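# Inside the fold
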Amino acid sequence: MTRPRRLGPGLTGLALVCALGLTACTDDGADEQDRDDAAPGRAPAPVALEVAGLDGPVRVGVLVSTGGASGEGSDLASPAHGAVVAERRLGAGGADVELVVADDRGDADAARRAVADLAEAGVVGVVAATSGAHLAPALADAAELDVPVLLPYVEDVAGLPAGAWSTAPSAGAVDAGVDAALRSAGSTSPVVVVGAGARTPTVAGARTVALGPAGTGAAVDAVEEAVAAGADAVVVAAPAAAQGEVVAGVQAVDDLPVVLTPQALRPAFTTALTGAGGAANGDLRTVGPDAADTTTLAADEAGDRAAAYFAALRQAADDPGQQDLLGTGPFAARAGDADLASHDAVVALVRAAEEAGSTAAGDVAAALDGLALDGASGLAGPSLVFDDAEALPDDEVHVLVGTTQDPGVRPAPAEPVVRLAWFAVPRDG
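## Here we look at the overall build of the protein chain
Each helix and strand counted, the protein chain has 11 helices and 15 strands in total. Relative to its 429 residues, the protein chain shows a buried fraction of 55%. Entry remark: accessible area of the protein chain is about 16500 Å², with carbon and sulfur atoms responsible for 49%.

Given below as structure tokens:
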């Protein structure tokens, strides 16, 4: 298996789960290549992912942002390490997959240079493991170069060029999930706090509070006024760290249900929440796919697929030679944050290359158009259907409830750290 290749420096509640009738299906790690932990009657999902009909290296571009303004993707550089898990699983299946990684530091010009260099490097496509307005010019360039781009963390597809697909929850699915979360909390009069760079979710009849550049204090004061006037829940739409700070402030005002947009699934949310003195074990709800640590607790195919992903993640963390995406340190230091969305985006590009029988980016883009992938394709999370710019089906998006009880599928951190796990609430629950 190849090491990640870097471009130049300038580019550089588990108790609630059990109450819902779910059972753990993770293994003890003794021999994770040959898992036998699937539910009775099913073969376990394989750790190694086989690829047929591709000769030579399959280069997959990964674009990350390790800097930049709030909302420009720097909080995604750690979750993007699921791409490393995908590379290892595909390599274990015999494919010569190579990650070619570029860091745009949240800058539009650097993102454009990165896309040009990734295309020059011969990638089959790019996983844009970042977000924000700085991406728009680079996406237009990728379309001109006929290089497909997958966006695991961008929900609003308005303005996306041809050849770019979001694998995140759609804006419509997020709005529906926020509404369902509010109804499940019994809220009839919510207040919405919106930060710069975040899409405002559609919440009927809600008062909206802007999170200004001066910090969270004024917004929290406005929430307090709204609560005094009868508001019974708070919706927060903002970058992950800002969400955490707002929630900590709101918790000091009143014990209210809090509904968050999917940015809360990023580790930066929990870090900011606890850093500001907030409680991670409060009444926190968000929206997203059932594709995380808690998914392994389900005695079904989704649980098996997630368990295979985490088996591979633990293998990578145990490998002292496995570097992180940018080759600056051990993967083990990022294993606590690596997510399934970045893994599945890499797998999708490789499966499209397999479908095309080619590693030419234009051929892969054509093969992606209309391609349907699922667990049998090696996805660790939900199915993806590339028949329009929103590849994640809306029915794969759920209300998620946070818990500080760790499912235990990741390596134990070197230092104590609070982690939020999120589990899906049954739609009839």
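Structure's up, so let's keep going.
## Notes on the sheet that holds strand S7 (residues 190-195)
Ordered by their spatial adjacency, seven strands build an open sheet running S8-S7-S9-S10-S11-S14-S15, and the pairing between neighbours is mixed. Each of the sheet's edge strands pairs with one partner strand only, and the pair in question is strand S8 (207-211) and strand S15 (421-424). Between one strand and the next, the sheet's axes are offset by a mean angle of 30°, whatever the strand orientation. Strands in contact with helix H7 (residues 240-253) are S7, S8, strand S9 (233-237), strand S10 (258-260) and strand S11 (284-289); relative to S9, the strand with the most contacts, it is inclined by about 160°.

## As for the pattern of salt bridges
Under the criterion given, the structure shown has 12 salt bridges. A salt bridge links Arg419 to Asp406; the nearest nitrogen and oxygen atoms lie 4.0 Å apart. Placement of Arg419 in the loop between strand S14 (397-403) and S15 and of Asp406 in the loop between S14 and S15 is noted, with a sequence separation of 13 residues between them. Given the relative accessible area of 44%, Asp406 is considered partly exposed. Here the salt bridges do not stand alone but share partners, grouping Glu155, Asp175 and Arg199 into one network.

## Focus on the packing of aromatic side chains
We describe a pair of aromatic rings using the distance from one ring centre to the other and the angle between the two ring planes. Counted under the stated rule, the structure contains two aromatic pairs. Taking the centre distance of 5.9 Å and the plane angle of 85° together, the rings of Trp165 and Phe386 count as edge-to-face. Within this pair, whereas Trp165 is found in strand S6 (residues 164-166), its partner Phe386 is found in the loop between strand S13 (384-385) and S14, the two being separated by 221 residues in sequence. There is no split in this pair, since Trp165 and Phe386 are both buried. Taking 4.9 Å as the distance between ring centres and 85° as the angle between the ring planes, the aromatic pair formed by Tyr309 and Phe310 counts as edge-to-face. Taken as a pair, Tyr309 and Phe310 share a single burial class, namely buried.

## Let's talk about the packing of helix H6 (residues 217-228) against H7
Running from amino to carboxyl end, H6 crosses H7 at an angle of 40°, the nearest separation of the two axes being 9 Å. The orientation of H6 with respect to H7, classified from their angle, is oblique. Note on packing geometry: the crossing formed by H6 with H7 is right-handed. On H7, the residues touching Val220, Val223 and Glu224 of H6 are Val246, Gly249, Val250 and Val253.

## Observations regarding the nonpolar core
Inside soluble globular proteins, nonpolar side chains tend to come together where they are buried. In terms of nonpolar packing, the biggest core is built from 74 residues, with Val60, Leu99, Leu325, Phe331 and Phe386 touching the most fellow members. Of the residues forming this core, the biggest block, nine residues, is contributed by helix H10 (residues 340-356). Core analysis: the second largest hydrophobic core is formed by 31 residues, Val191, Val234, Leu400 and Trp422 among them.

## Digging into the confidence of the model for the protein chain
For the protein chain, per-residue confidence averages 90 on the pLDDT scale, and residues scoring 70 or more make up 90% of the total. Of the regions scoring below 50 in pLDDT, residues 1-6 engages in 29 contacts with residues more than four places distant in sequence or in other chains. Every residue in residues 8-33 scores below 50 in pLDDT, and together they form 64 contacts with partners more than four places removed in sequence or on other chains.

## Some remarks on helix H4 (residues 136-144)
Taken together, the buried positions of H4 are Ala138, Leu139, Asp141 and Ala142. Along the long axis of H4, the arc covered by the buried residues comes to 160°, so they all point the same way. At the C-terminal side of H4, Asp146 shows a positive phi close to 60°.

## Observations concerning the environment of Ala143
Mapped onto the elements of the fold, Ala143 is located in helix H4. A relative accessible area of 32% means that Ala143 is categorised as partly exposed. In contact with Ala143, not counting residues within four places along its chain, are Pro161 and Ala162.

## Describing empty space enclosed by the protein
Rolled over the atoms, a probe with the dimensions of a water molecule shows which regions are left empty. Taken as a whole, the largest cavity encloses approximately 30 Å³ of empty space. Taken together, Leu63, Val115, Val126, Ala128, Leu135, Ala138, Leu139 and Val149 make up the full set of residues lining the largest cavity. Where the lining of the largest cavity is concerned, the elements lending two or more residues are strand S4 (126-128) and H4.

Procedures and definitions
Residues numbered from 1 in each chain as written. Predicted model: local features only at pLDDT ≥ 70, side-chain atom pairs only at ≥ 80, totals over all residues. Heavy atoms only, no water. Helix = DSSP H or I, 4+ residues; strand = E, 2+ residues; numbered from the N terminus. Buried < 20%, exposed > 50% of the residue type's maximum accessible area, 1.4 Å probe, protein only. Areas by Shrake-Rupley, 256 points an atom, 1.4 Å probe, with all protein chains shown as cover. Pairing = 2+ DSSP bridges. Axes fitted to C-alpha atoms, helices over the stretch in contact; angles between N-to-C directions. Contact = heavy atoms within 4.5 Å. Salt bridge = Lys/Arg side-chain N within 4 Å of Asp/Glu carboxyl O. Phe/Tyr/Trp six-rings, centres within 6.5 Å; stacked < 30°, edge-to-face > 60°. Parallel < 35°, antiparallel > 145°, perpendicular 65-115°, else oblique. Left-handed = near helix turned anticlockwise from the far one by under 90°. Core = buried A, V, L, I, M, F, W, Y, C linked by side-chain atoms within 4.5 Å. pLDDT = per-residue confidence, 0-100. Arc of directions from axis to C-beta. 1 Å grid on protein atoms, 1.4 Å probe; cavity = no way out; pocket = protein on both sides within 12 Å on 5 of 7 lines; lining within 4 Å. Points joined across faces, edges and corners; volume = space filled by probe spheres on them.

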